[in-house]
Amino acid sequence: MSLMRAFLRSAAYERRFLAKNPWDLAMIVWIPLLAVLMIWWVFSQTKITDLPIGVIDNDHSPTAYTLVRYLEATPDITVANTYRSQAAAEAAILRRDIYGVVTIPNDFERNILSGKPSPVVLQVNAQYGTHSGIVQKSVQSVVATLSAGVEIQRLVKQGVAPSQATIAASPISIQRISLFNAATDYQQFLASTIIPALLHILAMVVGATTIGRELRDKQIGRWYHFIATGSPDLTLLNKTSIDETKSANRLDENSVNKDRLDAKKSDASTPPKLRAPNQVSMLVVLFGLTGKYFWPILAYSLWSILAIWLATQQHSIVLSSIIITYISLVILMVLSFWLGAIFTLTSFSLRAGLSAAGFISAPSYAFAGVTYPYIAIKDSAKYWADALPLTHYLKLHIAQLQMKAPVMVSLPIMYGLMLAVVIAGLVTVLLIKRALAHPERWGAR
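Here the structure is a predicted model, which means the values were calculated and not measured.

About the cut-offs
- Residues numbered from 1 in each chain as written.
- Predicted model: local features only at pLDDT ≥ 70, side-chain atom pairs only at ≥ 80, totals over all residues.
- Heavy atoms only, no water.
- Helix = DSSP H or I, 4+ residues; strand = E, 2+ residues; numbered from the N terminus.
- Contact = heavy atoms within 4.5 Å.
- Salt bridge = Lys/Arg side-chain N within 4 Å of Asp/Glu carboxyl O.
- Buried < 20%, exposed > 50% of the residue type's maximum accessible area, 1.4 Å probe, protein only.
- Core = buried A, V, L, I, M, F, W, Y, C linked by side-chain atoms within 4.5 Å.
- Expected span 1.5 Å × (residues − 1).
- Bend = angle between axes of the 7 residues up to and from the residue.
- Patch = residues over 30% accessible without salt bridge, like charges linked within 9 Å, V, L, I, M, F, W, Y side chains within 5 Å.
- Areas by Shrake-Rupley, 256 points an atom, 1.4 Å probe, with all protein chains shown as cover.
- Axes fitted to C-alpha atoms, helices over the stretch in contact; angles between N-to-C directions.
- Parallel < 35°, antiparallel > 145°, perpendicular 65-115°, else oblique.
- Nonpolar A, V, L, I, M, F, W, Y, C, P; charged D, E, K, R; others polar.
- Pairing = 2+ DSSP bridges.

K.L.:
Would you take a moment to explain the side chain of Ser-138 for this structure?
P.N.:
With respect to the helices and strands, the residue Ser-138 is situated in helix α7 (residues 129-157). With residues near it in sequence (within four places) discarded, Ser-138 still touches Thr-74, Asp-76 and Ile-77.

K.L.:
Any chance you could explain the pattern of salt bridges here in plain terms?
P.N.:
Any two side chains of opposite charge can pair, so long as their charged atoms come close to each other. Under the counting rule described, the total for this entry stands at eight salt bridges. Ionic pairing is found between Lys-292 and Glu-14, a salt bridge with its closest N-O pair at 2.9 Å. Of this pair, Lys-292 sits in helix α13 (residues 282-292) while Glu-14 is found in helix α1 (residues 2-20), placing the two residues 278 residues apart along the sequence. By relative accessible area, Glu-14 is classed as buried at 1%. The residue Arg-213 makes a salt bridge to Asp-24 at a minimum N-O spacing of 3.5 Å. Taken together, the positions of Arg-213 in helix α9 (residues 186-216) and Asp-24 in helix α2 (residues 22-28) put the pair 189 residues apart, joining distant regions of the chain. Take Arg-213: its relative accessible area is 3%, and that puts it in the buried class. In the salt-bridge network here, residues are joined through shared partners; they are Glu-14, Asp-24, Arg-213, Glu-214 and Lys-292.

K.L.:
So what exactly am I meant to see when it comes to the nonpolar core here?
P.N.:
When a protein is soluble and globular, its nonpolar side chains tend to lie buried together. Membership of the largest hydrophobic core comes to 95 residues, with the highest contact counts inside it found for Leu-71, Ile-220, Tyr-300 and Ile-432. Among residues more than four places away in sequence, those in contact with Leu-71 are Val-55, Ile-77, Val-79, Val-102, Val-139 and Val-142. Core analysis: the second largest hydrophobic core is formed by seven residues, Ile-56, Ala-89, Ile-93 and Ile-98 among them.

K.L.:
Quick question: what am I supposed to make of the environment of Pro-439 here?
P.N.:
Looking at the element boundaries, Pro-439 is found in the segment after α19 (407-436). Residue Pro-439 is classed as buried on the basis of its relative accessible area, which comes to 13%. Residues Pro-439 and Gln-219 lie 220 residues apart in sequence; the distance between their C-alpha atoms is 9.9 Å.

K.L.:
Is there a simple way to explain the environment of Met-282 in this structure?
P.N.:
The topology assignment puts Met-282 in helix α13. For Met-282 and Val-429, which are 147 residues apart along the polypeptide, the C-alpha to C-alpha distance reads 6.9 Å. Not counting residues within four places of it along the chain, the set of residues in contact with Met-282 comprises Val-429, Leu-430 and Lys-433.

K.L.:
Can you walk me through α9 in this structure?
P.N.:
Note: α-helices contain 3.6 residues per turn, so residues at a spacing of three or four share the same orientation. The end-to-end C-alpha distance of α9 is 43 Å, a good match for the 45 Å that 31 residues give at a rise of 1.5 Å each. Of all bends in α9, the biggest is about 25 degrees, found at Thr-210. In terms of burial, α9 is a largely internal element, 25 of the 31 residues being buried. The first or second residue beyond α9 is Lys-218, which carries a positive phi of 60 degrees.

K.L.:
Please clarify how a nonpolar patch on the surface should be interpreted in this entry.
P.N.:
The grouping of Leu-319, Ile-323, Ile-327, Tyr-415 and Met-418 at the surface amounts to a nonpolar patch, some 470 Å² of accessible area in total. Within the residue set of the nonpolar patch, elements represented by two or more residues are α15 (319-347) and α19. For the nonpolar patch, the element with the highest residue contribution is α15, accounting for three residues. The topology assignment puts Ile-323 in helix α15.

K.L.:
It is not clear to me how the packing of helix α10 (residues 220-229) against α13 should be interpreted in this structure. Could you clarify?
P.N.:
Helices that pack against each other are described as a pair by the angle of their axes relative to one another and the distance between those axes. The N-to-C vectors of α10 and α13 enclose an angle of 105 degrees; their axes lie 10 Å apart at closest approach. Judged on the interaxial angle alone, α13 and α10 are roughly perpendicular. On the side of α10, the interface is formed by Trp-223, Tyr-224, Ile-227 and Ala-228, while α13 contributes Val-284, Val-285, Gly-288, Leu-289 and Lys-292. Among the residues making up the contact of α10 with α13, the classes are represented as seven nonpolar, one polar and one charged.

K.L.:
Before we go on, may I ask you to explain the sheet that holds strand β3 (residues 100-104) in this structure?
P.N.:
The strands making up a sheet associate through hydrogen bonds between their backbones, and the pairing can be parallel or antiparallel. With mixed pairing, four strands are arranged side by side in an open sheet as β2-β1-β3-β4. The open sheet has two free edges, formed respectively by β2 (77-82) and β4 (121-124), since each of these has just one partner strand. In this sheet, neighbouring strand axes are inclined to one another by 30 degrees on average, regardless of whether the strands run parallel or antiparallel. Inspection of the sheet shows strand β1 (residues 51-57) paired to β2 by five bridges, in the parallel sense.

The following block contains the structure:
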């Protein structure tokens with residue numbers, strides 16, 4: 001029962017703090033909510049279409065006009081403008097007015113009719129990998145279609161049957177079947193994975209600040225004393241508006257232990273000497289820590305529901321896959337809180353904890369194998385990627401929501417995340433116990 005009281009006191013203490021500190025509340029409520037909605041809005045257009053390109057037509061023949069019409073008819077690209085010179089087209093690319101330029105050479109039609117090669121030149125801004133890839137694929141498809149049509153017409157004029165001419169023009173064809181993300185939906189491919197990565201970053205920041213501010217404000221000892229004994233009632237204190245002297249006087253008026261007598265003997269204008277608790281219970285710390293992070297865990301569990309719902313509302317996903325993905329995402333959020341707390345408690349500095357959290361979580365999406373294939377990265381990068389919890393969660397996320405793999409395939413990942421949460425939680429408790437034993441290090445920024 002005393003452990004449950006420690007949990008409730010810590011949760012009440014944190015609720016009071018969040019009510020009086022809107023920025024800390026925003027990190028739990030408003031910022032993650034706006035981030036999720038903004039990311040989904042950015043990818044509201046599920047497919048990339050009508051990428052602007054330019055055309056330099058040096059031939060002005062019917063065949064060249066046909067090529068331009070085919071380019072315009074392709075849904076992925078659109079002919080935004082025609083240019084008279086190469087310099088004008090390159091300037092448009094640099095201004096990002098277009099993402100590529102197709103150059104139709106002189107004597108384009110004459111060379112085709114005479115059986116000579118007549119290459120079409122495509123220049124793209126490869127700095128934009130996604131854009132340039134789509135432009136290259138679309139232009140290549142248009143040129144291949146036009147080339148096959150020209151060859152079929154030539155063979156038909158020579159007396160070959162149309163069916164045989166079609167086979168002769170393209171004897172080997174490719175049948176492409178997309179096993180996963182068949183609709184090339186960028187909401188499912190990118191947005192549904194970016195949102196957990198963003199929540200992971202915000203959760204690590206919240207994890208670092210929630211315990212880090214107690215160290216920074218020299219309140220971690222009083223927090224433990226409150227959750228262990230219920231005295232003084234720290235839920236009535238606003239640490240942002242009451243200075244250390246007034247906090248000491250308030251402590252003098254409410255405390256009934258030995259510190260109360262010592263504080264009364266000291267000068268009221270002199271801050272009391274920080275003391276380590278005489279005895280620290282690991283179980284009290286554990287339940288108090290859980291209560292302190294109860295509100296962030298509750299809030300980020302709700303944002304996880306929103307993230308999973310957005311990722312599955314337009315696709316048919318079995319319920320078991322949705323459940324295991326949601327549970328794993330919540331586990332990842334809890335693990336992120338513990339990791340943020342560990343970084344801060346290890347260094348006894350909120351600033352160092354936030355720096356470490358940002359250094360590890362911010363680039364984690366780049367190593368997760370979503371935008372860049374995991375199999376193609378170097379071994380040293382793989383070691384780093386395997387050490388990041390986001391990598392393993394996104395493997396589960398993609399397997400369940402995009403590949404529609406059996407649930408049994410992803411169960412080991414979920415169990416691994418659970419084990420990581422337990423280990424990280426125990427480490428956090430040990431580090432809090434160590435921090436309580438070193439009051440001389442409280443107050444570091």
